[in-house]
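A structural walkthrough
Residue-level listing of the chains:
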Amino acid sequence: MSSPALTFRVHGAILEAQGHYVRCIDDDRLEDWPGFFVDECHYRITTADNHRRGLPAGIVWADSRGMLVDRVSALREANIYERHSYRHLLGAPAVLSAEPTPGVLSAEPTPGVLSAEPAPDGAVDVRSETSFLVVRITGDGPTDLFASGRYIDRYLVGDDRALLCERVVVCDSSRIDTLLAVPL
Amino acid sequence: MSSPALTFRVHGAILEAQGHYVRCIDDDRLEDWPGFFVDECHYRITTADNHRRGLPAGIVWADSRGMLVDRVSALREANIYERHSYRHLLGAPAVLSAEPTPGVLSAEPTPGVLSAEPAPDGAVDVRSETSFLVVRITGDGPTDLFASGRYIDRYLVGDDRALLCERVVVCDSSRIDTLLAVPL
Amino acid sequence: MSSPALTFRVHGAILEAQGHYVRCIDDDRLEDWPGFFVDECHYRITTADNHRRGLPAGIVWADSRGMLVDRVSALREANIYERHSYRHLLGAPAVLSAEPTPGVLSAEPTPGVLSAEPAPDGAVDVRSETSFLVVRITGDGPTDLFASGRYIDRYLVGDDRALLCERVVVCDSSRIDTLLAVPL
């Protein structure tokens, strides 16, 4: 069981991590985006309809930080002439569970597990959900509602930062541009 | 007077409660929604224009948790064919006052006062306001700005949770669908 | 270097300050708005395009709290017949740095520096960025996306409040109404 004090602490840590996450994307520093995930992460984008019906196929699917790096490279090649910018607005996370996991992270890096990061003491395994809204700005043209939905997340929260182990992006609408130009 | 430390603590507690509140509604778990209120609560939805002119009539009006339960039942009967979904985005609360209220909640449940919840020690009576924006998603159709406004809230904040005593939902626009399909 | 504990504390303080900031503007209490800044503040509104190209000219430019007061007076005279209202939605701040600054604020007020406020002990000089979205409501007409962008901020965070030393408002779109009717 999560204690209220633990929930409160991880809530603040996740809120702060999300502020940096959206800033990275909206500033178009996509190369930094995989750094918000642990090495052995899972990331996918799907629709509410597919998610509800348990359909595995998503719009985007990645099973490691390396695949996220590849995704960014592909976006950079494809979107040379991209004229849009994006703005993510996130709600406060709802923390669903927060379990201390002393064994998962250790001072001795385990190959493939958070190897890129010094391991914090007393990490916490957190499940949370957060609403998002993304607007798209077209140069001096109109600003549109681009996407809304929720992140279904699993975070590892250490003393000094929170990293994503899993992010499932569930878009509310089924009408999502399949050539998604930015991460969500 | 509120102390900065107390304000800071209740600010975090309310922020977290709001994350769960909007998740409950947007996930269409409306039956859980009354659980965010104390038994003897007040909830109403009104417009900024009516609120400014002190007009009592609101779009929705309830004076107990039981009436919220009834409201959900009515919505379920009326909206069998509802095809929309909603996404609430909330700002950070502005805490207006936070007063310890040792007498209001006690370990001995008082009939009708928080009887459904174990009473926390050292509850705090908090007044706060929070901005909201709700978008409506129509299947694979467009996403609209559905409503914006502010919550004028009174919370009881205990050690492990925050419950609403009062929520007045003031919608910015006077053009609100009077057949509101979801709680705000 | 910022410590995680310090970052966490200032993150909460800024989040709370922003809740009050947007409430002040959206409630049309513009006369209170300069009170969120220190006396010797800098405030300007510009576009992402101008900001990226390093062009100094902004849509709005002020270099003291007194200029903000003047701006509000001018808005009040110009917008007697204003029929719109606005709603600001802000994301969680990304704290970029947080440095204790014992020398900047002192118990002995320095003329022109925070003279209107009792000086907190142990103030922290904080750089942060926050996303914003503003919608505009026209009486009983439609609600539009009015502006999106980010605040590039420098805050002085004391024990009991956070005051803005600098706010650069970078609007995503270049199509911004040059007769901005409210502060952003």
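Before reading further, recall that the structure is shown in the block above.
Source: prediction; values computed, not measured. (Residues numbered from 1 in each chain as written. Chains lettered and ligands numbered in written order. Predicted model: local features only at pLDDT ≥ 70, side-chain atom pairs only at ≥ 80, totals over all residues. Heavy atoms only, no water.)

**Some words on the packing of aromatic side chains**
Between two aromatic rings, the relevant description is the distance of the centres plus the angle of the planes. Which entries qualify depends on this criterion: Centre distance within 6.5 Å is the pairing criterion for rings of Phe, Tyr and Trp, where only the six-membered ring of Trp is used; planes under 30 degrees apart are then read as stacked, over 60 as edge-to-face, and the remainder as tilted. Secondary structure elements follow DSSP: runs of H or I of four or more residues count as helices, runs of E of two or more count as strands, with numbering from the N terminus. Exposure is judged per residue with a 1.4 Å probe applied to protein chains only, and the accessible area is read against the type maximum: over 50% gives exposed, under 20% gives buried, and values in between give partly exposed. Lysine and arginine charges are scored as sitting over a ring when NZ or CZ, respectively, is within 6 Å of the ring centre and within 35 degrees of the ring normal.
Under the definition given, this model contains 24 aromatic pairs over all chains. Judged by centre distance (6.2 Å) and plane angle (70 degrees), the rings of Tyr21(A) and Tyr151(A) are edge-to-face. Of the two residues, Tyr21(A) sits in helix α1 (residues 4-26) while Tyr151(A) sits in strand β6 (residues 143-157), which places them 130 residues apart along the sequence. Taken individually, Tyr21(A) and Tyr151(A) each receive the classification buried, so the pair is uniform in this respect. Taking 5.1 Å as the distance between ring centres and 80 degrees as the angle between the ring planes, the aromatic pair formed by Trp33(B) and Tyr43(B) counts as edge-to-face. You can see Trp33(B) sitting in the loop between α1 (4-26) and β1 (37-47) and its partner Tyr43(B) sitting in strand β1, a full ten residues away along the chain. With relative accessibility at 1%, the residue Trp33(B) sits in the buried group. Under the relative-accessibility criterion, Tyr43(B) is labelled buried at 1%. Ring pairs connect the aromatic residues Tyr21(A), Trp33(A), Phe36(A), Phe37(A), Tyr43(A), Phe132(A) and Tyr151(A), which therefore count as one cluster. Above the plane of the ring of Tyr151(A) lies Arg167(A), whose end atom (NZ or CZ) is 3.6 Å from the centre. The ring of Tyr21(C) has Arg167(C) lying over it, and the distance from NZ or CZ to the ring centre is 4.4 Å.

**What to know about the relation of the copies chain C and chain A**
Using the following cut-off: C-alpha atoms of residues with pLDDT of at least 70 in both copies form the basis for the least-squares superposition of the copies.
Under the fitted operation, chain C is carried onto chain A by 0.0 Å of movement along the axis and a turn of 120 degrees, and the coordinates agree to an RMSD of 0.0 Å. Seen this way, the second copy is the image of the first under a three-fold rotation axis. For chain C, the residue whose C-alpha comes nearest the rotation axis is Gly91(C), separated from it by 4.1 Å.

**Notes on the interface of chain B and chain A**
Often the size quoted for an interface is simply the accessible area lost on bringing the parts together. Our working rule: We call two residues in contact when some of their heavy atoms are within 4.5 Å. Each of two parts loses accessible area, computed with a 1.4 Å probe, when they are put together; buried area is these two losses added. Think of a salt bridge as a Lys or Arg side-chain nitrogen and an Asp or Glu carboxyl oxygen that are within 4 Å of each other. Whenever a nitrogen or oxygen atom comes within 3.5 Å of another N or O atom, the pair is scored as a polar contact, on the condition that within protein one atom can donate a hydrogen and the other can accept it, and that pairs from neighbouring residues in sequence are kept only if both atoms are in side chains. Only Asp, Glu, Lys and Arg are considered charged in this grouping, and only Ala, Val, Leu, Ile, Met, Phe, Trp, Tyr, Cys and Pro are considered nonpolar; every other residue, Gly among them, is considered polar.
Residue-level contacts link 27 residues of chain B with 25 residues of chain A. Taking both partners together, chain B and chain A bury about 1,900 Å²; carbon and sulfur atoms supply 63% of that area. Summed over the three residues of chain B that lose the most area to chain A, namely Glu16(B), Arg87(B) and Leu89(B), the buried surface amounts to 29% of that side. Between the two partners, chain B and chain A, sit three salt bridges. Asp27(B) is the partner of Arg150(A) in a salt bridge, and the nearest nitrogen-oxygen pair spans 3.9 Å. Linking chain B with chain A are five residue pairs in polar contact (both at pLDDT 80 or more). Put simply, the parts of the chain that give the side of chain B that touches chain A at least two residues each are α1, β3 (84-90), β5 (124-138) and β6 (143-157) of chain B. Along the lines of polarity and charge, the residues of the side of chain B that touches chain A split into nine nonpolar, eight polar and ten charged.

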